[in-house]
Amino acid sequence: MTRARTRAAVIAPVVFAAAVQCLRLSGGSAAAQQPTFSSRLDAVRVDVLVTERNRVTLGLGPADFEVLDNGVPQTVDLVSFEELPLNVVLVFDLSASVAGERLEQLQVAAKAMLGGLKPRDQAALLTFSHRVELAHPLTADAGALAAAVESVSPAGDTALFDGTYAGMVLGASDPGRDLVIVFSDGVDTVSWLSAPQVIESAKRSDAVVYGVSVRGVGSIPFLKDVTQQTGGSTIEVDSPRELSARFLAILDEFRQRYLVSYSPRGITSGGWHRLEVRVKGRRTVTVKARPGYLAR
Amino acid sequence: MMRPGIGRRVALILVLVCLTAALPAAVQQRPPADAAGASERPSRLDRAERWATALERHEPGVADDALNEFGGWRGDDLAEVSQTISSVLALMRDPSIRIFYRRGGSIARPVQVFYSGGEVRQLQALAVRLAALGETYMLKRAALLHMDAVVLGSGADSQGPQDRRTDYVLFRFKDGQEQSLEDGTGHWDTARFMLDQVWTDKRRDMRPNPSRDDWVRRWYRTAIAYMLGRMQFHHSIVDRGVELFPSDGEILFLAGAEHETFASPMVQEPMRTADLPRNLSFGVASPRAELGAAEDLLRRALKAQVTIPEMHLRLGHVLADLGRHKDAVGELRQAVATEPPSALLYYAELFLGRSEAALGNIAAARAAYESAALLAPGAQSPLLALSQLAYASGDGDAAGAALERVFALPAGSDGGGDPWWTYALAPGRFFGPSMADLIDTLRPEPAQ
């Protein structure tokens, strides 16, 4: 990780003041509101994708969203869109089974995705076989990261759970919106962490995790569980040649998500909070967001 | 621990490319069997004589030319040899016998085997020749010969890609995924057949009784340790060992370790996802059933009061996997108290951390993980566990700091970093000393 400070592990709720600071730096429309706060309030941030007939719905503001926290309606304070820089963590399975065309296409896909990043975005490469390794920390230097992508070689067994966990925590190490893309073509055989532990961690993370896997392999149930908890999705490819298009589609989709923030009111703190996010008066839209969060 | 009957005898081979020791170079470079030679199928008596020659020439524990005899042999060739040697044994015990039977497989009743007059004369000559070695000595040497054929020969009891010719199949997988189905040569089963004929005390026993022979007991211990150390499972050997020696702590322990491994994802996942023919059963039950079997065997081993340092360790791990963390902590604390070697202590602390965390004893869990991290400074598992522990309690900074320690570990892809990766292989360390002991104590019986 490039910074010693790790954003609060119980990412949701985060400290609201910190969220506001990020929005100011982004210079977006929310910053123009120049809100002032005299005290620290816990806030919840939710990444939300709104689509209608498979097309992203744009132009929504705080008043358009209806958020229920444990069934209690909340007031949405802020909605940002494409304003915060991204922290993209590529978590790649480099076990023995990836050798050959899968690796080649994975490298092509990773570099294509790096080409799609904006100047303020950062990316990192984390690999796992039985060993979890940080091939390159978060950086805005796409060239350095592309070199790291080129230098990897597969060997060993698959610690998918360990790698996914590390990717989520790594993504949270810098301010920004965290996108974690986990690629695996196999099943976990050697992790120390268990699937339930990692899924539980996903509930605490505000990273959005996307899983990419080869159709029919055993990693898919786990990836579906993790991605579902973070509001992401799992994509199954029939051929490694699809990877580039899929990675770019993930980046594109993630950029078009809203970051919805609210200060929880009328609910008890701590424990699991069930979230429902809707768009007011738009019954035909599909809203994709994490199903809940774990609060301290 | 007998398994339900299966149509074909099968063995389970797990190849851990990075984690297991590399095969000896000579084995890796071994040329394929001569196809032309393999096509000239000798008669059953000629094959038995070739087998006897290999037996006489082979020096136990040495990768000599005698082992090359088996280069082109198929599973049914060895099965045929076993049948012929059974007839030879009958003649060794009663030279006047003229009616021969075979018993084996799922056939409960003996079946008569017919030989021509010339074949009977060959059998008689072979009986005289092998009797010179001594019956029991010959059988034990034969068991070692076939163990050596696996250990020093191919490294696996395999004859190549599976073509459904034999009734003995190997399932090879790595990284949780199926690699191949191969025909097995059947060396382990042949060794087992030979040992089943051991009849040490003919005055007391009405029939062969290998369970009375300590060398046979140690052969099973050695064979199972080899299988665990190389992740090459032939569960019928393990089952037979337990069946013959139901109170032997070492065999019970190793059998328990086998079931513990069968419960792990590295075995369960490929068994679940592989597209296997329906008539194959590898004898791997559900994780819970395997853990139950492991617990039973390990508890029996403990009752046998054998002093193996990791007995409590493995039982604790099994209990934790069963979700019985309180019981697990008790066993693991005992494991720590035995002051085992540091590698085993690492496992004990690592498993303690998990069970203490599951019980909500976060401080104790953290202390155990930190101990594990000190015992194996190159290991990532305790650091990942510390990170996750912090993350679960809402301390993102501590979670990140522990993860930084993971990332700071020396890079490299060899299996030396984290002993957790090779936990399943650990009982394999008994193989070397056990094999040396077997060879040292193999003595011709005194002439009677």
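Residues numbered from 1 in each chain as written. Chains lettered and ligands numbered in written order. Predicted model: local features only at pLDDT ≥ 70, side-chain atom pairs only at ≥ 80, totals over all residues.

Structural notes on the overall build of chain A
When you go through chain A residue by residue, the secondary structure sums to seven helices and 16 strands. With 296 residues in all, chain A has 53% of them scored as buried. A separation threshold of at least 6 residues defines the contact pool for chain A, and within that pool the share at least 24 residues apart is 76%. (Helix = DSSP H or I, 4+ residues; strand = E, 2+ residues; numbered from the N terminus. Buried ≥ 20, exposed ≤ 12 C-beta atoms within 10 Å, placed from the backbone. Contact = placed C-beta atoms within 7 Å.)

Re the overall build of chain B
Check the secondary structure of chain B and you find 19 helices and seven strands. Looking at chain B as a whole, 50% of its 448 residues qualify as buried. Relative to all contacts within chain B whose residues are 6 or more apart in sequence, the contacts with residues 24 or more apart total 68%.

Description of the environment of Ala54 of chain B
All names here are of chain B. As for its placement among the helices and strands, Ala54 is situated in helix H3 (residues 44-57). Exposure remark for Ala54: the 19 C-beta atoms within 10 Å place this residue in the partly exposed category. Considering only alpha carbons, one finds Ala54 and Ser247, 193 residues apart in sequence, at a separation of 35 Å. Those residues within four positions of Ala54 in sequence are excluded, and the remaining contacts are Ala66, Glu69 and Leu145.

Quick word on the domain arrangement of chain B
Residue and element names in this part refer to chain B. Along its sequence, chain B is organised into domain 1 (9-25 + 41-293) and domain 2 (307-424). Across the boundary between the two partners, domain 1 contributes 13 residues, which contact 13 residues of domain 2. No other element matches helix H10 (residues 249-262), which puts six residues into the side of domain 1 that touches domain 2. (Domains from an automatic or database assignment.)

Some words on the confidence of the model for chain B
Residue and element names in this part refer to chain B. Summarising the model, chain B shows a mean pLDDT of 84, and 85% of its residues fall at 70 or more. Across residues 15-38, where pLDDT falls below 50, the model places 37 contacts with residues more than four positions away in sequence or in other chains. Taken over the whole predicted complex, pTM reads 0.84, whereas the ipTM for its chain interfaces reads 0.84. (pLDDT = per-residue confidence, 0-100.)

Observations regarding the sheet that holds strand S10 (residues 177-184) of chain A
Residue and element names in this part refer to chain A. An order of S9-S8-S7-S10-S11-S12 is seen for the six strands of this open sheet, with the pairing classed as mixed. Across the chains shown, the open sheet's two edge strands, defined by having one partner strand only, are strand S9 (132-139) and strand S12 (234-237). Taken over all neighbouring pairs, the strand axes of this sheet differ in orientation by 15° on average, direction set aside. Across seven bridges, strand S7 (residues 86-93) lies against strand S8 (residues 122-128) in parallel orientation. The partner of Asp93 across the bridge, within S8, is Phe128. (Pairing = 2+ DSSP bridges. Axes fitted to C-alpha atoms, helices over the stretch in contact; angles between N-to-C directions.)

Concerning the environment of Gln256 of chain A
Residue and element names in this part refer to chain A. Within the fold, Gln256 resides in the loop between helix H7 (243-255) and strand S13 (258-262). Along the sequence, Gln256 and Ser153 sit 103 residues apart, while their C-alpha atoms lie 33 Å from each other. With residues up to four places along the chain from it excluded, the contact list for Gln256 reads Leu49 and Val56.

Focus on the domain arrangement of chain A
Residues and elements named next belong to chain A. Entries for chain A in the domain assignment read domain 1 (14-82 + 256-295) and domain 2 (86-254). The interface of domain 1 with domain 2 comprises 14 residues on the first partner and 13 residues on the second. When contributions to the side of domain 1 that touches domain 2 are tallied by element, the ones reaching two or more residues are strand S2 (42-52) and strand S16 (292-295).

Here we look at helix H4 (residues 160-171) of chain A
Residue and element names in this part refer to chain A. The end-to-end C-alpha distance of H4, which contains 12 residues, comes to 16 Å, matching closely the 16 Å that a straight helix rising 1.5 Å per residue would cover. Along H4, 12 of the 12 residues are buried, which leaves the element largely enclosed by surrounding structure. Buried within H4 we find Leu160, Phe161, Asp162, Gly163, Thr164, Tyr165, Ala166, Gly167, Met168, Val169, Leu170 and Gly171. (Expected span 1.5 Å × (residues − 1).)

Comments concerning the interface of chain A and chain B
The interface of chain A with chain B comprises 40 residues on the first partner and 36 residues on the second. Of all the secondary structure elements, the ones that give two or more residues to the side of chain A that touches chain B are S9, H4 and helix H5 (195-204) of chain A. In terms of residues, the side of chain A that touches chain B owes the most to one element, H4 of chain A, which gives five residues. Looking at side-chain class alone, the side of chain A that touches chain B contains 17 nonpolar, 13 polar and 10 charged residues. (Nonpolar A, V, L, I, M, F, W, Y, C, P; charged D, E, K, R; others polar.)

A look at the confidence of the model for chain A
Here chain A averages 83 in pLDDT, and 85% of its residues register 70 or above. For residues 1-41 of chain A, every residue scores under 50 in pLDDT, and the model assigns this stretch 84 contacts once sequence neighbours within four places are set aside.

Quick look at the sheet that holds strand S5 (residues 72-74) of chain A
All names here are of chain A. Spatially, four strands are ordered S5-S4-S14-S16 in an open sheet, and the strand pairing comes out antiparallel. Each end of this open sheet is capped by a strand with a single partner; those strands are S5 and S16. Each strand of the sheet is rotated relative to its neighbour by a mean of 30°, with strand direction disregarded. In terms of strand pairing, strand S14 (residues 271-279) meets S16 through four bridges, oriented antiparallel. Considered in S16, the bridge of Trp272 is made with Leu294.

Describing the nonpolar core
Core analysis: the largest hydrophobic core is formed by 180 residues, its most contacted members being Leu90, Leu126 and Ile181 of chain A together with Val88 and Ile224 of chain B. Among residues more than four places away in sequence, those in contact with Leu90 of chain A are Ala110, Ala123, Ala124, Leu125, Leu126 and Ile181 of chain A. Formed by 22 residues, the second largest nonpolar core is a distinct cluster that contains Val44, Val48, Tyr258 and Leu259 of chain A. (Core = buried A, V, L, I, M, F, W, Y, C linked by C-beta atoms within 7 Å.)

Observations concerning helix H6 (residues 220-230) of chain A
Residue and element names in this part refer to chain A. By the burial criterion, the buried members of H6 are Phe222, Leu223, Val226, Thr227, Gln229 and Thr230. Angular distribution of buried residues about the axis of H6 spans 160°; they occupy a single face of the element. Buried-residue contacts for H6 involve H4, S10, H5, strand S11 (208-214) and S12. After H6 finishes, the residue Gly231 shows a positive phi value of roughly 85°. (Arc of directions from axis to C-beta.)

Observations concerning the packing of helix H8 (residues 214-230) of chain B against helix H19 (residues 431-440) of chain B
All names here are of chain B. Where H8 meets H19, the closest approach of the two axes is 9 Å, and the angle between their N-to-C directions is 150°. The orientation of H8 relative to H19 falls into the category roughly antiparallel. Crossing handedness for the pair H8 and H19: left-handed. Contacts between H8 and H19 pair Arg218, Trp219, Arg221, Thr222, Ala225, Tyr226 and Gly229 from the former with Phe431, Ser434, Met435, Asp437 and Leu438 from the latter. In terms of residue class, the contact of H8 with H19 is made up of six nonpolar, three polar and three charged. (Parallel < 35°, antiparallel > 145°, perpendicular 65-115°, else oblique. Left-handed = near helix turned anticlockwise from the far one by under 90°.)

A closer look at the environment of Val190 of chain A
Within the fold, Val190 of chain A resides in the loop between S10 and H5. Separated by 122 residues in sequence, Val190 of chain A and Leu68 of chain A have C-alpha atoms that sit 39 Å apart. Look past the residues within four positions of Val190 of chain A in its chain and what remains in contact with it is His130, Asp157, Thr158 and Ala159 of chain A together with Met266 and Trp421 of chain B.

Observations regarding unusual backbone geometry
All names here are of chain B. The phi torsion at Met231 lies on the positive side, around 55°, for a residue other than glycine. Positionally, Met231 belongs in the loop between H8 and strand S7 (232-233). Among the residues examined, Met231 registers 21 C-beta atoms within 10 Å and is labelled buried. Its identity as a non-glycine residue notwithstanding, Glu339 has a phi of 50°, on the positive side.

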